[in-house]
Amino acid sequence: MSAVTSEATTETESTTKSASGWRAWLEAAERKLVGLLEWANPILVKETRQALKSKQFLLTFAVVLIACWIVTFAGRAMIGPQIFYIASGQEMLVAYYAILAFPLAVIVPFTAFRSLSSEKEDNTYDLLSITTLSSLQVITGKLGSAIVQILIYFSAVSPCIAFTFLLRGVDSLSVATLLAVTLLGSVGLSMVGLLAGTLASVRYTQMLVSVGLILGLAGIFFGSVGGASELLDESSRFIRDKEFWLVLAGLLTLFVTTFGLLHSAAAAQISFPSENRSTRLRLWMLLQQVCLAGWMTVPPMLYPNQPEALMVMVVACGGLSLAYWYLMGTLMTGEWPHLSRRVQRSLPSSLAGRSLFSWFNPGPASGYLFAIANSGAIVLLGCAVLLLYSQPTTGVATRENAILFLVLGWCYLIAYLGIGRLLIGLMRRITYVPLVAAFLLHVILLLAGVGTPAIIHEMSEQFRGSGYSLLLVTNPFWTLGELMEGGLTGYVHMLVIILPAAAVVAFLLNLRSVCAELARHRIAAPERVTEDEEELHPVAELGPSNPWEAEAALESSATSEN
């Protein structure tokens, strides 16, 4: 009896030890998970919990699963016994892709938009802004929550996509390319949704932005399904095409740089007005400029014997770059001219720093100089490529016309941005002009320059139907288009005088304010601010740098204790 009791006691002890071992392992795992959650961005944790518990996510996820089941059974029934003989994987893949693309292109980006706009609606963002989290961390946390949802949808549909390989008709490289593009596209759309959420400050603006965003996302969804079908149809030709991978690499470069720009813009929109909102954005613009300049050198190396294709490429890249810097210039010249004391404490202090980095400082005049300097660099690079690698050609589109296209386009940019910046400055002497109003002022100025002479030209019996005339010199689109089509033979000698003169006058009128902004110096921080910074970020004490110093420190502490 005693032996039986002893065996039972031993078994109980072993069971208890086993249970305590498992419990200890689980407790250790729980502590690690809690530490991981504390290490992660708290906004990411909060947003992910809210999103995964929401009815919208549960309903969408259930609809996705049910749609996949329906497509699987209905597709199998429609194909019938021929499923063993014909390659039907592509049709099934397109159907599964449409199911996956809808939440990725519409639901997740719109949820990201609502997550930020609802913070302003419920007045919870004010509480969030007074925490130690920076605006960059808030945007990153909300974007991370969107990425988690994207990965969950991918994990739900991926078994169905793998099933299409059993049906034949699709290759792994095409499917991998399609899914990678879809993943990056959904992340980019989520970033656009977050930026749109920062733009909506009042209720009626939020309604307009919501309607525009949902219509745009719906259009992208239908376009992506059509593009996926086209890619799968022509995948065998695309994969062997060198230009396809070059275009894909160029688009990837554009995606990465634009994503960083939008991320910084969204963070700047929700930051305090006294913070520096411009320098990070201008660094991303400069990076895009460098990437574009790098891609402009690729065609001369790949197609050295095709001067016409090279010229078309340079003109296209130069025209896109001028349009890009005009758009960025309309936003930068609308910035508020006065710098807060916090921003002034972060300005470059040395002469070399002011010479090289002052145009990264916030301000409309420095933004104007930043836009014309970068666009000028692209124009110079394009002219150099044409002169060094392009051969003289005959016909309408000559090398000289291409160089004139770049130079005159740059003159238009300098003139329109300069006049617009002057008008904004004059209006700010009368009333407050926000960034959106300054942008609209630039748009109105451009529309007036394009539309007014065109209306006069068409209403005049003398000029109507006579083609281009100098009356249309303020219309950059008509002038540059006629130049590339060879229709300015009688006006080129006048245009090369009028447009550079207008650009020089506009620049000289802005030169005083440009010099005033570039001459700003760093100011010293007040003593109270210095003490607060030292308290928030104490300087770590330096420890011993080698074993001998460590031993000496131990001996010194032991002696002091004795």
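Residues numbered from 1 in each chain as written. Predicted model: local features only at pLDDT ≥ 70, side-chain atom pairs only at ≥ 80, totals over all residues. Heavy atoms only, no water.

## Considerations on the overall build of the protein chain
Counting its regular elements, the protein chain contains 22 helices and 0 strands. Burial status across the protein chain gives 39% buried among its 562 residues. If you take every contact in the protein chain between residues at least 6 apart in sequence, the share linking residues at least 24 apart comes to 80%. Accessible surface, the protein chain as shown: approximately 31,800 Å² in total, 69% of it carbon and sulfur. (Helix = DSSP H or I, 4+ residues; strand = E, 2+ residues; numbered from the N terminus. Buried < 20%, exposed > 50% of the residue type's maximum accessible area, 1.4 Å probe, protein only. Contact = heavy atoms within 4.5 Å. Areas by Shrake-Rupley, 256 points an atom, 1.4 Å probe, with all protein chains shown as cover.)

## Overview of the packing of helix α10 (residues 242-269) against helix α11 (residues 279-296)
Interhelical geometry of α10 versus α11 gives an angle of 170° and a closest axis separation of 8 Å. Judged by the inter-axis angle, α10 sits roughly antiparallel to α11. When α10 is examined against α11, the residues L246, A249, G250, T253, L254, V256, T257, T258, G260, L261, S264 and A265 are found in contact with a partner set consisting of R280, L281, W284, M285, L287, Q288, C291 and W295. Classifying every residue of the contact of α10 with α11 gives 12 nonpolar, 7 polar and 1 charged. (Axes fitted to C-alpha atoms, helices over the stretch in contact; angles between N-to-C directions. Parallel < 35°, antiparallel > 145°, perpendicular 65-115°, else oblique. Nonpolar A, V, L, I, M, F, W, Y, C, P; charged D, E, K, R; others polar.)

## Regarding helix α3 (residues 55-79)
In an α-helix, one full turn covers 3.6 residues, which means residues spaced three or four apart are oriented alike. The terminal C-alpha atoms of α3, which comprises 25 residues, lie 36 Å apart, in line with the 36 Å expected from a rise of 1.5 Å per residue. In the core, the buried residues of α3 are packed alongside α2 (42-53), α4 (89-121) and α6 (135-166). With its phi angle positive at about 75°, G80 sits one or two positions after the end of α3. (Expected span 1.5 Å × (residues − 1).)

## Examining the pattern of salt bridges
Under the counting rule described, the total for this entry stands at 2 salt bridges. The salt bridge involving K142 is made with E47; its shortest N-O contact spans 2.7 Å. Taken as a pair, K142 in helix α6 and E47 in helix α2 lie far apart in primary sequence, 95 residues in all. For the pair shown, K142 and E47 are each scored as buried. Across the pair E335 and R282 runs a salt bridge whose closest N-O atoms are separated by 3.0 Å. Placement of the pair is E335 in the loop between α13 (307-332) and α14 (341-344) and R282 in helix α11, with a sequence separation of 53 residues. (Salt bridge = Lys/Arg side-chain N within 4 Å of Asp/Glu carboxyl O.)

## Considerations on a nonpolar patch on the surface
Nonpolar side chains collect at one region of the surface, where I66, W69, I70 and F73 lie side by side and expose about 490 Å² of accessible area between them. Along the chain, the position of W69 falls in helix α3. According to the relative accessible area criterion, W69 is exposed, its value standing at 52%. (Patch = residues over 30% accessible without salt bridge, like charges linked within 9 Å, V, L, I, M, F, W, Y side chains within 5 Å.)

## Quick look at the nonpolar core
Y96, I139, Y153, M285 and W325 are the most contacted members of the largest nonpolar core, which totals 111 residues. Counting residues per element, this core draws most heavily on α4, at 16 residues. Sequence-distant contacts of Y153, defined by excluding residues within four places in its chain, comprise F57, T60, F61, V64, L100, P103, L104, I107 and V108. (Core = buried A, V, L, I, M, F, W, Y, C linked by side-chain atoms within 4.5 Å.)

## Quick look at the environment of F221
Relative to the elements of secondary structure, F221 occurs in helix α8 (residues 203-233). Assessed through its relative accessible area of 11%, F221 is described here as buried. Here the alpha-carbon distance between F221 and F102, two residues 119 residues apart in the chain, equals 6.3 Å. For F221, the contacting residues outside a window of four places in its chain are A98, A101, F102, A105 and V106.

## What about the side chain of S321?
Relative to the helices and strands, S321 is located in helix α13. For S321, a relative accessible area of 2% gives the class buried. Sequence-distant contacts of S321, defined by excluding residues within four places in its chain, comprise Q289, L292 and I378.

## What about a negative patch on the surface?
Side chains of E527, E531, E534 and E535 sit close together on the surface and give a patch of like negative charge. Of the residues examined, E531 reaches a relative accessible area of 44% and is grouped as partly exposed. (Lys, Arg positive; Asp, Glu negative; His and termini not counted. Charge placed at Lys NZ, Arg CZ, Asp CG, Glu CD.)

## Some words on the packing of aromatic side chains
Aromatic ring pairs are reported here in terms of the distance separating the ring centres and the angle at which the planes meet. Evaluated as defined, the whole model comprises 14 aromatic pairs. Note on F102 and F221: the rings are 5.4 Å apart at their centroids and 80° apart in plane angle, and the pair reads as edge-to-face. Here F102 is found in helix α4, whereas its partner F221 is found in helix α8, with 119 residues between them in sequence. Arranged with centres 5.2 Å apart and planes meeting at 80°, the rings of Y324 and W325 form a pair that is edge-to-face. Members of the aromatic cluster, connected to one another through ring pairs, are Y324, W325, F360 and F370. (Phe/Tyr/Trp six-rings, centres within 6.5 Å; stacked < 30°, edge-to-face > 60°.)

## Brief notes about α11
Counted at 1.5 Å a residue, the expected span for α11 with its 18 residues is 26 Å, and the 26 Å between its end C-alpha atoms agrees. All of the buried residues along α11 are L281, R282, M285, Q288, Q289 and M296. All buried residues of α11 lie within an arc of 115° about the axis, which places them on one face of the element. (Arc of directions from axis to C-beta.)

## A look at the packing of helix α7 (residues 172-199) against α10
Between α7 and α10, whose axes approach to 9 Å, the crossing angle comes to 25°. The angle between α7 and α10 falls in the class roughly parallel. Seen from above, α7 lies across α10 with left-handed handedness. On the side of α7, the interface is formed by L173, T177, V181, L184, V187, G188, M191, V192, L195, T198 and L199, while α10 contributes W245, L248, L252, F255, F259, L262, H263, A265, A266 and Q269. (Left-handed = near helix turned anticlockwise from the far one by under 90°.)

## Quick word on the environment of L408
Mapped onto the fold, L408 is located in helix α17 (residues 399-428). Residue classification places L408 among the buried positions, given a relative accessible area of 3%. Residues L408 and V496, 88 residues apart in the sequence, show an inter-C-alpha distance of 7.4 Å. With sequence-adjacent residues up to four places away left out, L408 is seen in contact with L480, L483, L495, V496 and L499.

## A few points about the environment of G334
For G334, the location among the structural elements is in the loop between α13 and α14. On the basis of relative accessibility, which here comes to 2%, the residue G334 falls in the buried class. Considering only alpha carbons, one finds G334 and G420, 86 residues apart in sequence, at a separation of 9.1 Å. In this structure G334 touches I424, R428, L435 and A438, once residues within four positions along its chain are discounted.

## Things to note about the confidence of the model for the protein chain
Mean pLDDT over the protein chain works out to 82, with 88% of the residues at or above the 70 mark. By mean pLDDT, helix α1 (residues 2-39) is the weakest element of the protein chain at 63, and α17 is the strongest at 91. (pLDDT = per-residue confidence, 0-100.)

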